[in-house]
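Here is what each chain is made of, one letter per residue.
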Amino acid sequence: MTNYGFETIRGIEESAFLSPEQEGARRAQENLSRLAARYTFIIGTCALLHPKFPEMMGHLAPLLRENGRSLIIPDSVINDLQRLVVKNPDLTVQISDVIHLLAGLRLEGLVQVCGNGTDFNSRNQLIQLAEQMLEYTEPLVITQNKRISEELVELNRTRPTIARRLAVSRVNHYGFLSRYIPQSAAAPQSPVLNPLDLRLLSGDYPLGA
């Protein structure tokens, strides 16, 4: 039966009563739902160590379950976590909690670990895995690492004839995902110069006037 857009209208009316923070969370959840329906998620070491990773997984896990998907983790990333505990014992509790969370999700079929234990370079394995997955699906890599993010975005530029696209996101401080914006696409920002002063000094006349 046609609802003549009543659901849309009701959604607009309900959002009018939300605080800015609640509205932001609602939009972030909707965005995550769209991503989970489209992409296969891969995650790197630094994203697992983000303080909001457990909260992000709390949002993502039901969506993975709903879409019959799982979070892909290169086995070199698990090796990274083990080495970090030895290198920095202060991270032991945090990493132990992350490992426990991932182990439980794997039992549910919501986490898969890829690799044969021979690759110890998580950066290389992450990029190679994403490139391989482009052959049959659309991967979304979750990483906080700027260098890796730029290399992953470059894959889309070097494979222009491939219909499938690779996406890159990072865990944000709200416990959701934010799309990574390549540095070439981001407007340069100065931490020193006053943006109001710069706007006041914008050009008044076209060149050659």
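Look a little higher up for the structure.
Let me sum up the structure you'll find in this document. (Residues numbered from 1 in each chain as written. Predicted model: local features only at pLDDT ≥ 70, side-chain atom pairs only at ≥ 80, totals over all residues. Heavy atoms only, no water.)

Focus on the pattern of salt bridges
- Applying the stated rule across the entire model yields 10 salt bridges.
- Between glutamate 151 and arginine 123 there is a salt bridge whose closest N-O contact spans 2.8 Å. Residue glutamate 151 is located in helix H8 (residues 146-158), and its partner arginine 123 is located in helix H7 (residues 122-133); the two are separated by 28 residues in the primary sequence.
- Judged by its relative accessible area of 25%, glutamate 151 is partly exposed.
- When the shortest N-O distance is used, the salt bridge between arginine 157 and glutamate 154 registers 2.5 Å. With arginine 157 and glutamate 154 both in helix H8 and 3 residues apart, the pair spans about one turn of that helix.
- Residue classification places glutamate 154 among the partly exposed residues on the basis of a relative accessible area of 35%.
- Within this structure, Glu23, Arg26, Arg27 and Glu30 form a network of salt bridges that share partners. (Salt bridge = Lys/Arg side-chain N within 4 Å of Asp/Glu carboxyl O. Helix = DSSP H or I, 4+ residues; strand = E, 2+ residues; numbered from the N terminus. Buried < 20%, exposed > 50% of the residue type's maximum accessible area, 1.4 Å probe, protein only.)

Structural notes on the environment of asparagine 172
- Topologically, asparagine 172 is positioned in the loop between strand E5 (167-171) and strand E6 (177-179).
- The spacing of asparagine 172 and histidine 50 is 122 residues in sequence and 8.5 Å in space, taken between C-alpha atoms.
- Once residues lying within four places of it in the same chain are set aside, the contact partners of asparagine 172 are His50, Lys52, Leu177 and Ser178.
- Side chain to side chain, asparagine 172 and serine 178 meet in a polar contact 2.9 Å long. (Contact = heavy atoms within 4.5 Å. Polar contact = N/O pair within 3.5 Å; in protein donor to acceptor, adjacent residues only side chain to side chain.)

Structural notes on the packing of helix H4 (residues 53-67) against helix H6 (residues 92-107)
- In contact at an axis separation of 11 Å, H4 and H6 are set at 15 degrees when each is read in the N-to-C sense. On the basis of their axis angle, the class for H4 and H6 is roughly parallel. Our pair here, H4 against H6, has a crossing hand that is left-handed. Each of Phe53, Pro54, Met57 and Ala61 in H4 lies in contact with H6, whose residues at this interface are Val98, Leu101, Leu102 and Leu105.
- For the contact of H4 with H6, the residue count by class is 8 nonpolar, no polar and no charged. (Axes fitted to C-alpha atoms, helices over the stretch in contact; angles between N-to-C directions. Parallel < 35°, antiparallel > 145°, perpendicular 65-115°, else oblique. Left-handed = near helix turned anticlockwise from the far one by under 90°. Nonpolar A, V, L, I, M, F, W, Y, C, P; charged D, E, K, R; others polar.)

With respect to the pairing of strand E2 (residues 71-74)
- Burial along E2 is two-sided: the face carrying Leu71 and Ile73 and the face carrying Ile72 and Pro74 are both buried.
- Note that E2 and strand E3 (residues 111-114) share 4 bridges and pair parallel. Considered in E3, the bridge of proline 74 is made with cysteine 114. (Pairing = 2+ DSSP bridges.)

Here's the deal with the environment of glutamine 94
- Within the secondary structure, glutamine 94 is located in helix H6.
- Exposure remark for glutamine 94: the relative accessible area of 27% places this residue in the partly exposed category.
- In this structure the C-alpha to C-alpha distance between glutamine 94 and leucine 49, which are 45 residues apart in sequence, comes to 7.7 Å.
- Apart from residues lying up to four places away in sequence, glutamine 94 is in contact with Leu49 and His50.

Section: the side chain of serine 122
- Inspection of the secondary structure puts serine 122 in helix H7.
- Among the polar contacts made by the side chain of serine 122, one reaches the side chain of aspartate 80 at a distance of 2.5 Å.

Points about the pairing of strand E1 (residues 40-43)
- A two-sided burial pattern is seen for E1, the buried positions comprising Thr40 and Ile42 on one face and Phe41 and Ile43 on the other.
- Sheet topology note: the E1/strand E4 (residues 139-142) ladder contains 4 bridges and is parallel. Directly across from isoleucine 43, in E4, lies its bridge partner isoleucine 142.

What about the nonpolar core?
- Judged by nonpolar contacts, the single largest core of 32 residues is most densely connected at Phe41, Leu71, Ile142 and Leu177.
- Here this core gets 7 residues from one element, more than from any other, and that element is H4.
- Core analysis: the second largest hydrophobic core is formed by 16 residues, Leu129, Ala130, Leu155 and Leu166 among them. (Core = buried A, V, L, I, M, F, W, Y, C linked by side-chain atoms within 4.5 Å.)

Side note on the layout of surface pockets
- Each pocket or cavity is described by its volume, and for the largest pocket that value is around 170 Å³.
- Every residue along the wall of the largest pocket is listed here: Gly44, Thr45, Cys46, Val77, Asp80, Asn121, Ser122, Arg123, Leu126, Thr143, Asn145 and Ile148.
- Contributions of two or more residues to the lining of the largest pocket are made by helix H3 (45-48), helix H5 (75-87) and H7.
- In terms of residue count, the dominant contributor to the lining of the largest pocket is H7 (3 residues).
- Each residue belonging to the lining of the largest pocket can be placed in one class, and the counts come to 4 nonpolar, 6 polar and 2 charged. (1 Å grid on protein atoms, 1.4 Å probe; cavity = no way out; pocket = protein on both sides within 12 Å on 5 of 7 lines; lining within 4 Å. Points joined across faces, edges and corners; volume = space filled by probe spheres on them.)

Note that every value here comes from positions in space, so none of it alone points to a role or purpose.
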